[in-house]
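For reference, the chains in residue letters:
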Amino acid sequence: MTVYNFGSINRDLIHEVPHMPAPGETLAAKRYSVGLGGKGANQSVACARAGAKTVHIGAVGQQDTWSLAQLEGFGVDVSQIRRVEAETGHAVIYVDPTGENSIVIQHGANAEQSLEAVEAVLAKANSGDILLLQNETPFTEETAKLGRNRDLFVIYSAAPFEPDAVSAMLPYIDLLVMNRGECEELERRNKMPLADIPVPHVLVTLGADGAIWRDQSDGSVTHVAARKVDAVDTTGAGDCFTGVLAAALSEGKNRKQALEMASAAAAIQVTRPGAAPAMPTRDEIDAALQ
Ligand code: ADP
């Protein structure tokens, strides 16, 4: 089965600063690096590295060969990424010596998606293929509807969390993925206890406490513990978990096996700095599962 991921692609411009800049202050960075980012790209990289055929649907700037080369280098099919007039999206990230970060996102090309282009790609998908969505692109709701009509298994990662967007997606998805904070916000803002969320399946990641998958039809809950590791950077842990879970499901793994694979992968990912470049390979995941 193929995983189609309609999602954002960013260049993360990472500045290590001696302290967070105060209003009006000009500050020199101690170190600077550029990495691939965006929730969409992170999930595609995690999924492809875990061994799934992963088609990323998205948009980058006309001149940007770097992002495509990065994605391709990680094994992602980039043939359905459009080049548009806007610049590739980016995130300006400040990280202070305590590890605290502060981020400004410029959506750029991520905001210039074409629903017709998405429709044309999904027209080639087969029943049972997986469609992965997050909240960093327009047309998510329309795309979920297309996925549902084509009998794809629609996984929606409800981040960044926006209560209205999440509510609008619920009728069209099969599996809702949230972290603990997002789940609490959904329950509070939408006055909707987890058990009442009207989707077939809900997955909640719980950081160092692992994750649960609840089948909403019968209330059964499958839990996976997180593996004990020394985490150095948890940026992208949720994206790693979701991308690898999609890869495992695309291979026909059952719920428990998919959770175990995703948990093993995320435990490796948090021991390395960065988001996309920290995603483990299938060999690394398999070795951890031995
Ligand atoms: P997000 O990155 O979206 O906030 P979480 O923090 O819940 O998501 O992390 C996602 C998954 O990553 C967890 O379910 C767990 O499997 C793994 N993970 C996160 N933090 C740790 C940790 N400190 N040790 C081991 N695994 C972790």
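That block above? That's the structure.
Rules of the game
Residues numbered from 1 in each chain as written. Predicted model: local features only at pLDDT ≥ 70, side-chain atom pairs only at ≥ 80, totals over all residues. Heavy atoms only, no water. Helix = DSSP H or I, 4+ residues; strand = E, 2+ residues; numbered from the N terminus. Buried < 20%, exposed > 50% of the residue type's maximum accessible area, 1.4 Å probe, protein only. Contact = heavy atoms within 4.5 Å. Polar contact = N/O pair within 3.5 Å; in protein donor to acceptor, adjacent residues only side chain to side chain. Near = heavy atom within 4 Å. Nonpolar A, V, L, I, M, F, W, Y, C, P; charged D, E, K, R; others polar. Pairing = 2+ DSSP bridges. Axes fitted to C-alpha atoms, helices over the stretch in contact; angles between N-to-C directions. Salt bridge = Lys/Arg side-chain N within 4 Å of Asp/Glu carboxyl O.

Participant: Any details on the environment of Lys 256? Residues and values, ideally.
Facilitator: One can find Lys 256 in helix H8 (residues 255-269). When its relative accessible area of 37% is taken as the criterion, Lys 256 is described as partly exposed. Taking C-alpha positions, Lys 256 is 8.0 Å from His 223, a pair spaced 33 residues apart along the chain. Contact partners of Lys 256, with chain neighbours within four places excluded, come to Thr 222 and His 223. Within polar-contact distance, the side chain of Lys 256 engages the backbone oxygen of His 223 at 3.1 Å.

Participant: Hey, could you go over the site of the ligand for me, with residue numbers and the actual values?
Facilitator: Residues in contact with the ligand amount to 14 residues; listed here are only the nearest, Asn 179, Thr 205, Gly 207, Gly 210 and Gly 238. Between an oxygen atom of the ligand and a side-chain N or O atom of Asn 179, the distance comes to 3.0 Å. The biggest single contributor to the shell around the ligand is helix H7 (residues 237-250), with three residues. Residue composition of the shell around the ligand, by class: eight nonpolar, five polar and one charged.

Participant: So what about the sheet that holds strand E7 (residues 101-106)? Which residues, and what values?
Facilitator: For sheets, the rule is that strands pair by backbone hydrogen bonds, running either parallel or antiparallel. Strand order in the open sheet made by the four strands is E3-E2-E6-E7, with mixed pairing throughout. Whereas interior strands pair on both sides, the edge strands pair on one side only; in this sheet they are strand E3 (31-37) and E7. Geometrically, the sheet is characterised by an average inter-axis angle of 20° between neighbouring strands, direction not taken into account. One ladder, built from seven bridges, connects strand E2 (residues 10-16) with strand E6 (residues 89-95); its direction is parallel. Directly across from His 15, in E6, lies its bridge partner Tyr 94. Against the sheet, helix H2 (residues 66-73) makes contact with E2 and E3, and its axis sits at roughly 65° relative to E3, the strand it touches most.

Participant: Mind laying out the environment of Glu 187, listing which residues take part and the relevant values?
Facilitator: One can find Glu 187 in helix H6 (residues 180-189). Residue class for Glu 187 comes out partly exposed when judged on its relative accessible area of 28%. Each C-alpha atom, one on Glu 187 and one on Ser 220, is 19 Å from the other, the two residues being 33 residues apart in sequence. In contact with Glu 187, not counting residues within four places along its chain, are Met 192, Pro 193 and Leu 194.

Participant: Could you give an account of the pattern of salt bridges, with specific residues and numbers?
Facilitator: Under the counting rule described, the total for this entry stands at 12 salt bridges. In this structure, Asp 215 and Arg 255 form a salt bridge, with 3.3 Å as the shortest nitrogen-oxygen distance. Taken together, the residues Asp 215 in strand E12 (residues 211-215) and Arg 255 in helix H8 connect sequence positions 40 residues apart. We classify Arg 255 as partly exposed; its relative accessible area is 22%. The salt bridge involving Asp 286 is made with Arg 282; its shortest N-O contact spans 3.1 Å. In this pair, Asp 286 and Arg 282 both sit in helix H9 (residues 282-289), four residues apart, roughly one turn of the helix. Asp 286 sits in the partly exposed class, given a relative accessible area of 29%.

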